[in-house]
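# Analysis of the macromolecular model
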Amino acid sequence: MYPEPAHHAPAERAVTTYQPTPIPPPVVVQPAPVVPVQPGTVPAVASIVLPDGRVVTGYAIDHPQPSPVVAKPAVSRTAVNVALGGVGFLAVCGGLLLLTSFIAALTAFIGQLIILAAVVFGGWIAVQILGTSDHRGGTTVNIRRAVFKRNHFPS
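Residues numbered from 1 in each chain as written. Predicted model: local features only at pLDDT ≥ 70, side-chain atom pairs only at ≥ 80, totals over all residues. Heavy atoms only, no water.

## Points about the overall build of the protein chain
Test applied: Going along the chain from the N terminus, every DSSP run of H or I of four or more residues is numbered as a helix, and every run of E of two or more is numbered as a strand. Relative accessible area decides the class of each residue, using a 1.4 Å probe on protein chains only: under 20% of the type maximum gives buried, over 50% gives exposed, and in between gives partly exposed. Per-residue accessibility takes into account occlusion by the displayed protein chains alone, with areas from the Shrake-Rupley method and a 1.4 Å probe.
The secondary structure content of the protein chain amounts to one helix and two strands. Each helix and strand of the protein chain, ordered N terminal to C terminal, gives the series β-β-α. Relative to its 155 residues, the protein chain shows a buried fraction of 0%. For the protein chain, the accessible surface area stands at approximately 16,200 Å², while carbon and sulfur atoms represent 67% of it.

Here's what the structure looks like:
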């Protein structure tokens, strides 16, 4: 299963030499040299009188204005999303409450209709059975007294 180990003399072995690969030096980006730029116009000369009476004269320096920063909203987006989610949840709960109330009212209405139909139909049946009518419709059966004697009726 495994190959037989080959025994070689030390002189017969092949020598493999590995040379390391040199790592190139990192590319260094030299910053551009700073070149002073003359302003387009000569700035105005300003003089300041100090409290002790000395006068200091120099150029007025315009301070660089910072770039406008994008105004952050007063309320974070996460807070707005949570609030909107809460409003949506309350709307859904209110809608479900109204839906269940509607279903309960509809069920009660249908139950009352069934009871009303039972009362009206039952009253109609009672009038038909117990009501007096002048006409004698149907079959008249005269029952006379029969005398039973040895299982024979008198003829």
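Next comes the rest of the account.
## Comments concerning the pattern of salt bridges
Worth spelling out the cut-off: Criterion for a salt bridge: a side-chain nitrogen of Lys or Arg within 4 Å of a carboxyl oxygen of Asp or Glu.
Within the structure shown, the criterion is met by one salt bridge. A salt bridge links Asp 52 to Arg 54; the shortest N-O distance between them is 2.9 Å. Of the two residues, Asp 52 and Arg 54, both sit in the exposed class.

## A short note on the pairing of strand β1 (residues 45–49)
Quick note on the threshold: One requirement defines pairing of two strands: DSSP has to find at least two bridges between them.
Burial analysis of β1 places just zero of its five residues in the buried class, which makes it a mostly uncovered element. As judged from the five bridges shared by β1 and strand β2 (residues 55–59), these two strands associate in the antiparallel manner. From the neighbouring strand, Val 49 faces β2, where its bridge partner is Val 55.

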